[in-house]
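# Structural description and commentary
What follows is each chain in one-letter form.
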Amino acid sequence: LLQWDQYLEGVYKHFFDHGRQLKTGIQLRLTDNTNDSETGILPLIPDYRAYKAGAFVIFQEEKNKMLYELGARYDLNYLQVVAISTSLPREIERHYHTFHNYSFSSGIRYRVLPQLKLNLNLGHVLRSPEVNELYSAGLHQGVSGIEEGNRNLKNEQSTKVVLSADWNVKKKLFVQLLGYYQYISNFIYLQPEDELRLTIRGAFPLFTYKQTDATIAGLDALVSYEPIESIRLVAKYSFLQGDDVSNKQPLVYMPSNNLFGSLSYSFKDGETMKNSSIAVNGRYVFKQAHLNADQDIAPTPDGYFLLGASVGTTFKLKNTKLRCSIAGDNLLDTVYRDYLNRQRYFADDLGW
């Protein structure tokens, strides 16, 4: 294929007295995608031109212990599609779509104490379907699956609230907790179907784009501790749950809950070696248990643990700096399959 992409942006900022700030701008984008007919196969995504125009405004004010922000945005998306019919005899089909999207956001940051900060963000966003969600038709080679779009998809409408707290103690201990809840009307997702399509390249599973009303809620936690200046310990935990409220079942392809930890040691700078450090990390990914057995073409894989390590330094040679590092992932050569990797239907994930 041959794709041309043009982007133009203009931004204006104005600073008022008393910590007030206004930012506004426009964004224009044109994408022209043309497939090479000499490949002799039907393209996964048809020829198309996408015209996108957006305008936004953001107002921000910082006063005493509080900072608040208000924002609004409007987008006009116009899509011209020239597709080849999937049925015989082959015909050229022309389709036109116009989508109007608007977004609103607001945020407040309040410093309760010098070491404690609270953040609250609210947003309402519309997202128009992308061309692959509308018109995919064929084999997606990269994931070894046949994908079918749905040209009747509507705009997604999402309302999201995010609440977070940052706690910093004497620059040694940092704790962050972040929770969020999102309701999405007309949520677009890729559904694995209980069907194998036979082609001249073999048999491949079928995936179709669908819409539903959904909720996504989660919690992220981070703890960073430096007992002494050269040692840092970091621990992270991520929890997420997605539900299809229209059909009263879980959402497919939601990230698994996971736990991450790392320990790093920084060496003192010498005359020629600077920013030297060594680190080891581990990640445990839990089995995705929030899914019904009949929602996927294969059972969800078991949980797994991955061990990694890295070492690096910077050499100072007169007026030149040379950075050298080496890192290793999955050092225990664990055999595993990741739930979000669509190659898991056919093969294990990467080794060490």
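What comes next is a walk through the structure. (Residues numbered from 1 in each chain as written. Predicted model: local features only at pLDDT ≥ 70, side-chain atom pairs only at ≥ 80, totals over all residues. Heavy atoms only, no water.)

On to empty space enclosed by the protein. In the structure shown here, the tally under the stated rule is one cavity of 30 Å³ or more. In terms of lining residues, the largest cavity is bounded by Ser-256, Val-285, Phe-286, Lys-287, Gln-288, Pro-301, Asp-302, Tyr-304, Arg-337, Asp-338 and Tyr-339. (1 Å grid on protein atoms, 1.4 Å probe; cavity = no way out; pocket = protein on both sides within 12 Å on 5 of 7 lines; lining within 4 Å. Points joined across faces, edges and corners; volume = space filled by probe spheres on them.)

On to the environment of Phe-104, then. Structurally, Phe-104 is set in strand β5 (residues 92-113). Separated by 97 residues in sequence, Phe-104 and Tyr-7 place their C-alpha atoms 23 Å apart. Excluding residues within four positions of it along the chain, Phe-104 makes contact with Gly-71, Ala-72, Leu-122, Gly-123 and His-124. (Helix = DSSP H or I, 4+ residues; strand = E, 2+ residues; numbered from the N terminus. Contact = heavy atoms within 4.5 Å.)

Turning our attention to the packing of aromatic side chains. Under the definition given, this model contains 10 aromatic pairs. When the ring of Phe-187 is compared with that of Tyr-189, the centres are 6.3 Å apart and the planes differ by 5°; the resulting orientation is stacked. Seen from their ring centres, Tyr-345 and Phe-346 are 6.3 Å apart, and the 75° between their planes marks the pair as edge-to-face. According to the relative accessible area criterion, Phe-346 is partly exposed, its value standing at 40%. Joined through ring pairs, the aromatic side chains of Phe-207, Tyr-345 and Phe-346 make up one cluster. If you follow Lys-160 out to its NZ or CZ, it ends over the ring of Tyr-180, 5.2 Å from the centre. When the ring centre of Phe-207 is taken as origin, the NZ or CZ atom of Arg-342, which lies over that ring, is 4.2 Å away. (Phe/Tyr/Trp six-rings, centres within 6.5 Å; stacked < 30°, edge-to-face > 60°. Buried < 20%, exposed > 50% of the residue type's maximum accessible area, 1.4 Å probe, protein only. Lys NZ or Arg CZ within 6 Å of the ring centre and 35° of its normal.)

As a further point, take the layout of surface pockets. As a volume, the largest pocket reaches approximately 1,100 Å³. What lines the largest pocket is a set of 40 residues, and nearest its centre among them are Leu-42, Pro-43, Leu-44, Ala-137 and Gly-138. In terms of residue class, the lining of the largest pocket is built from 18 nonpolar, 14 polar and eight charged. Approximately 500 Å³ is the volume found for the second largest pocket. Lining the second largest pocket are 26 residues, with Arg-29, Ala-50, Lys-52, Asn-77 and Glu-130 sitting closest to its centre. Taken together, the elements giving at least two residues each to the lining of the second largest pocket come down to β1 (2-15), β2 (20-34), β3 (47-63), β4 (66-84), β5 and β6 (116-127). No other element matches the six residues that β3 contributes to the lining of the second largest pocket. Split into classes, the residues belonging to the lining of the second largest pocket amount to 12 nonpolar, seven polar and seven charged. (Nonpolar A, V, L, I, M, F, W, Y, C, P; charged D, E, K, R; others polar.)

Attention shifts here to the pairing of β4. Sheet topology places β3 next to β4; 17 bridges connect them, and they run antiparallel. Across the sheet, residue Phe-56 finds its bridge partner in β4, namely Arg-73. Between β3 and β4, which pair antiparallel one after the other, the connecting turn spans two residues, and Asn-64 there sits at a positive phi close to 55°. In the sheet, β4 pairs with β5 via 19 bridges, with the strands oriented antiparallel. Residue pairing across strands places Leu-79 opposite His-97, the latter belonging to β5. (Pairing = 2+ DSSP bridges.)

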